[in-house]
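So you can see what is in the structure, the chains are spelled out below.
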Amino acid sequence: MEGMLDMYLFENSQLLEKLQDIVLEQKDADCFDEEGINEIFRAMHTIKGSSGMMMFDEITAVSHKLEDVFYYLRESHPENVPHIELVEHVLAVADFITGEMDKLSNGEQADGQSSELVARLDKFLEMIKGELKEKKEEIKENVHVEPTQFYIAPMATGASHFYRIYITFAPNTEMVNMHAYKVVHSMKEIAEDLLHSPEDIISDESSCGKIMEEGFRILLQTQSAEEEIRKLIGIGYDIKAVDVEECSAAQYQMGFDGFGGNFGPEEVQESPAADTAPAKGTGEQMAPGDFVIQSKEPGKGKKLAKDKARKTDKASFISVDVAKMDLLMELIGELVISESVVLQNPDLKVPGLKLDNFNKAAQQMTKISTDLQNIIMAMRMVPLTNTFQKMNRIVFDVSRKLGKDIEFEMIGDTTEVDKNIIEHISDPLMHLVRNSVDHGIEMPEEREAKGKKERGKVTLSARTEAGKVWISVKDNGGGLDRNKIMAKARNQGLLDYTRPDSSYTDKEVYQFITLPGFSTNEKVTEYSGRGVGMDVVVQNIQAIGGTLEIDSEPGQGSCMTLKIPLTLAIIDGIVMSAGNSTFVIQTGVIKEFISVRETQMHLDPDGNEYVMIRGECFPVMSLGEWYHLENYKRDYEYGMLLILEVDDRTVCLFVDRLIGKQEIVVKPIPGYVKKVKGLSGCTQLGDGSIALILDPAGLVE
């Protein structure tokens, strides 16, 4: 059951994602197009069937009722169907099923009650039927039809034999269906293909009567001889007689048609399908999928249809548990660390050693490990499409409840990022989108008074640049009010009393809204105002090495931009030391390395240190002083200055010495260590020592 449940949850979640994409794509249209109606109907039909098999009655009931609605739409083509109401019904059903599946995936019972939802769907269905009833037109009903079964004939080789087997059981044999199953099971080891009639001999109790009355019939494709088949079947107290006849491929493909207890010379029925079937011994071999058997009902000939030419370059896919991908990523990380341990081993530094062959082998190993990293990274990269579609749903729901008419636009939703990154940005993105809809976009009458288009617009866009993903949430609403934010900041004591208000840049002012408890919204709503939850957004983004940038134009709208790394796992880093401690920083933020002299350094009245480089003045942070490291001595003649550039802000980092460049496997800092500003993780170096990974955004801040 566990494997079945996993497959049930996986397949249905994909169906629900596809369904939601269709609904949100066509929500602004006048009605669903024909293809959309068919897709939603098929999705509900599949979910109904699989839920019924798994005995999830509430999911079955609600999916069946929505299937009824779309069956009626598909067959009767009613006019004047309230489209937005229908969209809300479909999304409500999707939410209900998703909620039940979440319970099942967490090991809980699917105990939700669907009666109220089914009643609403019933009422909606009766309403749209009412118009046709008045016109006295025939209304078609949704009649359940068992799905057609398809069977792909396996490959037959020159060594394959085809047999028709007829077994009669002794009278008064009890549970004869189980005896028949025992025969089938015994032949599975030698069978290339095996069919039997009756087909359902386990769950169908009526199969016992059919076997006793008509006998048990088997079609077998195998490379074994007749003697081996008879030996496997055997004759005992239960089996009265066994008839085995070898037949041609064409006769075998005719199925159970004309199959009886007496195997006399039979004429193969003429049919187009039979003409196309290559008989055994003609020199032409069958291949998998050459013949698709469209029906395998007992007693009827198999209708064969020649398959189209197969493409050899067709892509194939396999679903893999994310936990296994994470484990593989960890193992590759350990491989990178082990590689560093081997290549930087002190034993290799003995004077006089000739290591030409070793170095060649080491280069090959490094290339293979790099290729492995690239492949696993590519496997973990997934598009932002699903995440963006969830935001589309949020805009639709919130705008409907607030009475706002809002258009949602997605740009660059196919941009790919690491799976773990997507998990970290979903909540922050939801906060930003909700705030844009709730507090950013004005009410229709307010927009009209300002001379704006009545319809608001929220644009969600993504692009990659310089090893980072830029995700922007932009709205054409009222924008941020600088004066209101400054007044709130003053009341909360956030402003420097020595600085005039005019000295604060707009970006500095807008960053106040990311502080805990800071909000300019006078009234609290279900969806909150811009500012409530923004501190959580910043914390979540900084946890993965990202930043939040805020731009706004009063009266024209705002734009919130997340800048996050493409991946979290393995990075190129520069190893350096300060005092007795070793640090690593990613290469992407380092603009240049500079050796400086004492004469280039300057202090301001507050004791802050600056350096003059090519006529420009930059702030300097000494790593040893910042973390109060042991044995740290500032010596500009021997130390090194790193110029870091993060989001258009520049800071110079002074360290004792540079050690080298290395691929770094990012490990989280243990939970028992208090969070330290400016650090984002740790790693193990080639000599086995631990180095701390610096967070550039934290240092700049």
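Everything numeric in this text was worked out from a predicted model, so none of it was measured.

Draft legend 1. Region of interest: the overall build of the protein. Looking only at helices and strands, one finds 20 helices and 25 strands in the protein. Looking at the protein residue by residue over its 701 residues, the buried ones come to 44%. If you take every contact in the protein between residues at least 6 apart in sequence, the share linking residues at least 24 apart comes to 69%. When the accessible surface of the protein is totalled, it reaches about 38,600 Å², and 52% of it is carbon and sulfur.

Draft legend 2. Local environment of helix 14 (residues 419–440). Compared with the 32 Å implied by 1.5 Å per residue over 22 residues, the 30 Å span of helix 14 between its first and last C-alpha is a close match. At isoleucine 425, helix 14 shows its maximal kink, close to 35°; a proline, proline 428, follows between one and four residues later.

Draft legend 3. Structural context of the packing of aromatic side chains. Scanning all chains against the criterion turns up seven aromatic pairs. With centroids separated by 6.3 Å and ring planes inclined at 55°, the aromatic side chains of tyrosine 504 and phenylalanine 512 adopt a geometry described as tilted. In terms of burial, tyrosine 504 and phenylalanine 512 fall into one category: buried. Clustering of aromatic rings is evident, with ring pairs tying together Phe583, Trp626 and Tyr627. Here arginine 74 stacks its cationic end above the ring of phenylalanine 41, 4.1 Å away from the centre of that ring.

Draft legend 4. Up close: the sheet that holds strand 19 (residues 609–613). Spatially, the six strands line up as an open sheet ordered 17-21-22-20-19-18, and their pairing is mixed. Edge positions in the sheet fall to strand 17 (590–594) and strand 18 (601–603), since each has one partner strand and no second. Across the sheet, the mean angle separating the axes of adjacent strands is 35° when strand polarity is ignored. With three bridges joining them, strand 18 and strand 19 adopt antiparallel strand pairing. Note on strand 19: the bridge partner recorded for histidine 602 is tyrosine 610.

Draft legend 5. Fine view of the pairing of strand 25 (residues 690–694). Relative to strand 25, strand 16 (residues 581–586) is paired through two bridges, and the arrangement is parallel. By the bridge assignment, phenylalanine 583 is partnered in strand 25 with leucine 692. In textbook terms, the turn of a hairpin is the stretch between consecutive antiparallel strands, and for strand 24 (residues 679–684) and strand 25 this stretch comprises five residues, one of which, glycine 688, has a positive phi near 90°.

Draft legend 6. Structural view of the pattern of salt bridges. Applying the stated criterion to the full structure yields 32 salt bridges. As a salt-bridge pair, aspartate 506 and arginine 482 come within 2.7 Å of each other at their nearest N and O atoms. On the criterion of sequence distance, the pair formed by aspartate 506 in helix 17 (residues 506–510) and arginine 482 in helix 16 (residues 482–491) is long-range, its members being 24 residues apart. On the basis of relative accessibility, which here comes to 22%, the residue arginine 482 falls in the partly exposed class. A salt bridge links glutamate 549 to lysine 507; the nearest nitrogen and oxygen atoms lie 3.7 Å apart. Residue glutamate 549 is located in strand 13 (residues 547–553), and its partner lysine 507 is located in helix 17; the two are separated by 42 residues in the primary sequence. One salt-bridge network, held together by shared partners, links Glu442, Glu446, Arg447, Lys450 and Lys452.

Draft legend 7. Summary view of unusual backbone geometry. In this chain, serine 197 is followed by proline 198 through a cis amide linkage whose omega measures 5°. Summarising the element assignment, proline 198 is placed in the loop between strand 3 (191–197) and helix 7 (207–214). The phi dihedral of methionine 55 falls on the positive side, at around 65°, and the residue is not glycine. Structurally, methionine 55 is set in the loop between helix 2 (34–53) and helix 3 (57–76). Its identity is not glycine, yet asparagine 80 carries a phi of approximately 60°, on the positive side. Mapped onto the secondary structure, asparagine 80 falls in the loop between helix 3 and helix 4 (83–105). A relative accessible area of 67% means that asparagine 80 is categorised as exposed.

Draft legend 8. Spotlight on a negative patch on the surface. A cluster of acidic residues, Glu25, Asp33, Glu34 and Glu35, forms a negative patch at the surface. One can find glutamate 35 in helix 2.

Draft legend 9. Representation of the sheet that holds strand 9 (residues 406–411) within the structure. Spatial ordering of the open sheet is given by 9-11-12-14-13, a layout of five strands whose pairing is mixed. Every other strand in the sheet has two partners, leaving strand 9 and strand 13 as the edge strands with one partner each. When strand polarity is set aside, the average angle formed by the axes of neighbouring strands in this sheet is 15°. Relative to strand 14 (residues 557–565), strand 12 (residues 468–475) runs antiparallel, the two being bridged by eight bridges. Each residue of the ladder has a partner; that of lysine 468, found in strand 14, is proline 565. Most of the contacts of helix 13 (residues 385–402) go to strand 9, to which it runs at about 175°, and overall it touches strand 9, strand 11 (456–465) and strand 12. Packing against the sheet, helix 18 (residues 534–543) makes contact with strand 13 and strand 14, and its axis sits at approximately 135° to strand 13.

Draft legend 10. Representation of the packing of helix 4 against helix 13 in the model. For the pair helix 4 and helix 13, interaxial distance at closest approach is 12 Å and the crossing angle is 120°. Judged by the angle between their axes, helix 4 and helix 13 are oblique. Of the two possible hands of crossing, helix 4 and helix 13 adopt the one that is left-handed. Here Ile84, Val87, Glu88, Leu91 and Asp95 of helix 4 lie close against helix 13, whose contacting residues are Arg393, Phe396 and Arg400. When the residues that make up the contact of helix 4 with helix 13 are grouped by side-chain class, the tally is four nonpolar, no polar and four charged.

Draft legend 11. Summary view of the side chain of serine 340. Position of serine 340 relative to the elements: it lies in helix 11 (residues 322–343). Those residues in contact with serine 340 that sit more than four places away from it in its chain are Gln662 and Gly686.

Draft legend 12. Examining the nonpolar core more closely. In terms of nonpolar packing, the biggest core is built from 44 residues, with Ile471 and Leu548 touching the most fellow members. Contact partners of isoleucine 471, with chain neighbours within four places excluded, come to Leu384, Phe388, Ile425, Leu429, Leu460, Ser461, Ala462, Met560, Thr561, Leu562 and Ile564.

Draft legend 13. Structural detail: the confidence of the model for the protein. Averaged over all residues, the pLDDT of the protein equals 79, while 83% of them reach at least 70. Here strand 7 (residues 304–306) is the element of the protein with the lowest mean pLDDT, 35, and helix 4 is the one with the highest, 91. This stretch, residues 135–139, has a pLDDT under 50; its non-local contacts, to residues over four places away or in other chains, come to five contacts. Low confidence marks residues 526–532, where pLDDT is under 50. Its contacts with residues over four positions away, or in another chain, come to 33 contacts.

Basis of the calculations
- Residues numbered from 1 in each chain as written.
- Predicted model: local features only at pLDDT ≥ 70, side-chain atom pairs only at ≥ 80, totals over all residues.
- Heavy atoms only, no water.
- Helix = DSSP H or I, 4+ residues; strand = E, 2+ residues; numbered from the N terminus.
- Buried < 20%, exposed > 50% of the residue type's maximum accessible area, 1.4 Å probe, protein only.
- Contact = heavy atoms within 4.5 Å.
- Areas by Shrake-Rupley, 256 points an atom, 1.4 Å probe, with all protein chains shown as cover.
- Expected span 1.5 Å × (residues − 1).
- Bend = angle between axes of the 7 residues up to and from the residue.
- Phe/Tyr/Trp six-rings, centres within 6.5 Å; stacked < 30°, edge-to-face > 60°.
- Lys NZ or Arg CZ within 6 Å of the ring centre and 35° of its normal.
- Pairing = 2+ DSSP bridges.
- Axes fitted to C-alpha atoms, helices over the stretch in contact; angles between N-to-C directions.
- Salt bridge = Lys/Arg side-chain N within 4 Å of Asp/Glu carboxyl O.
- Patch = residues over 30% accessible without salt bridge, like charges linked within 9 Å, V, L, I, M, F, W, Y side chains within 5 Å.
- Lys, Arg positive; Asp, Glu negative; His and termini not counted.
- Charge placed at Lys NZ, Arg CZ, Asp CG, Glu CD.
- Parallel < 35°, antiparallel > 145°, perpendicular 65-115°, else oblique.
- Left-handed = near helix turned anticlockwise from the far one by under 90°.
- Nonpolar A, V, L, I, M, F, W, Y, C, P; charged D, E, K, R; others polar.
- Core = buried A, V, L, I, M, F, W, Y, C linked by side-chain atoms within 4.5 Å.
- pLDDT = per-residue confidence, 0-100.

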